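Residue-level structural notes
For reference, the chains in residue letters:
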Amino acid sequence: GEEVAQTPKHLVRGEGQKAKLYCAPIKGHSYVFWYQQVLKNEFKFLISFQNENVFDETGMPKERFSAKCLPNSPCSLEIQATKLEDSAVYFCASSQSSTQGPNYGYTFGSGTRLTVV
Amino acid sequence: GESVGLHLPTLSVQEGDNSIINCAYSNSASDYFIWYKQESGKGPQFIIDIRSNMDKRQGQRVTVLLNKTVKHLSLQIAATQPGDSAVYFCAENIGNSGYSTLTFGKGTMLLVSP
């Protein structure tokens, strides 16, 4: 489809529980990005994929966070043993790689709001 | 006028006014810039972009100005409408490509009064 689909829209987890977020990129887009937004402030880059391969993971916390993009499945971001500070909206974006068109098709989903209580 | 709130700078304007939202970027190597609009409960929505070989680019009711000397980007919205009320973010990347990570600036909340 022509939109980046993120599920669930809202997720509530008790501290210490696992959270798993999903993202279906736009068909034909080679790159997937995950960003974290706290309190409508800046977007913190977490990780990006080129198809199923990790492309850039410089923003990914070393512990508790992991992500995957497997063939024929939505991409996922998993947080083990959630902490209060993980409460945020997590956005996924996908993009084309080689086009010179506007914005390279860099399109964001509507986000998953994670609340850790 | 413009004020700094607890979390976000806020620009309040009357409907029909022109709005100017500013952004300072940090990386002199950045060569591609995008303005995004984020409405409540939604993801960032593309407004306009500009490459570093340009100083100005115009869209429908929006203009982006780039000053590389002082690393400054601005978004001008003509005849602002209540539907323009949102948080606006600038973003930059290096490599001028769809696979480069975007680095976002701090947002500015635009409030448009009827």
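For the structure, check the block above.
Residues numbered from 1 in each chain as written. Chains lettered and ligands numbered in written order. Predicted model: local features only at pLDDT ≥ 70, side-chain atom pairs only at ≥ 80, totals over all residues. Heavy atoms only, no water.

Moving on, we come to the sheet that holds strand S3 (residues 19-24) of chain B. Strand-to-strand pairing in sheets goes through backbone hydrogen bonds, with the strands running parallel or antiparallel. Residues and elements named next belong to chain B. Spatially, the 4 strands line up as an open sheet ordered S3-S8-S7-S6, and their pairing is antiparallel. Two strands bound the open sheet, and with one partner strand each, they are S3 and strand S6 (56-58). Taken pair by pair, the neighbouring strands of this sheet meet at an average axis angle of 15 degrees, ignoring direction. Direction of pairing for strand S7 (residues 62-67) relative to strand S8 (residues 72-77): antiparallel, over a ladder of 6 bridges. Bridge pairing in S8 places Asn-67 opposite His-72. (Pairing = 2+ DSSP bridges. Helix = DSSP H or I, 4+ residues; strand = E, 2+ residues; numbered from the N terminus. Axes fitted to C-alpha atoms, helices over the stretch in contact; angles between N-to-C directions.)

Within the structure shown, the criterion is met by 8 salt bridges over all chains. The partner of A:Glu42 in a salt bridge is B:Lys106, with the nearest N and O atoms 2.7 Å apart. Placement of the pair is A:Glu42 in the loop between strand S4 (31-37) and strand S5 (43-50) and B:Lys106 in the loop between strand S10 (103-104) and strand S11 (108-113), with the two residues belonging to separate chains. Judged by its relative accessible area of 34%, A:Glu42 is partly exposed. The exposure class of B:Lys106 is exposed, given its relative accessible area of 60%. (Salt bridge = Lys/Arg side-chain N within 4 Å of Asp/Glu carboxyl O. Buried < 20%, exposed > 50% of the residue type's maximum accessible area, 1.4 Å probe, protein only.)

On to the sheet that holds strand S3 (residues 19-24) of chain A. Residue and element names in this part refer to chain A. Pairing is antiparallel across the open sheet formed by 4 strands, whose spatial order is S1-S3-S8-S7. Both edges of this open sheet fall to strand S1 (5-7) and strand S7 (65-68), since each of them pairs with a single strand only. Ignoring strand direction, the axes of neighbouring strands in this sheet form an average angle of 15 degrees.

Here we come to the pairing of strand S9 (residues 86-93) of chain B. Residue and element names in this part refer to chain B. With 8 of 8 residues buried, S9 is to be regarded as a mostly interior element. Where burial is concerned, the two faces of S9 agree: the one with Ala-86, Tyr-88, Cys-90 and Glu-92 and the one with Val-87, Phe-89, Ala-91 and Asn-93 are both buried. In the sheet, strand S4 (residues 32-38) pairs with S9 via 7 bridges, with the strands oriented antiparallel. Its bridge partner lying in S9, Gln-38 is registered against Val-87. The sheet contact formed by S9 and S11 spans 3 bridges and is antiparallel. Pairing of Ala-86 across the sheet is with Leu-110, part of S11. Across 2 bridges, the pairing between S9 and S10 is antiparallel. Among the inter-strand pairings, Ala-91 is bridged to a residue of S10, identified as Phe-104.

Membership of the largest hydrophobic core comes to 23 residues, with the highest contact counts inside it found for A:Val32, A:Trp34, A:Leu77 and A:Tyr90. Among the elements of the structure, S3, S4, S5, S7, strand S8 (75-79), strand S9 (88-95) and strand S11 (112-116) of chain A are those that each provide at least two residues to this core. (Core = buried A, V, L, I, M, F, W, Y, C linked by side-chain atoms within 4.5 Å.)

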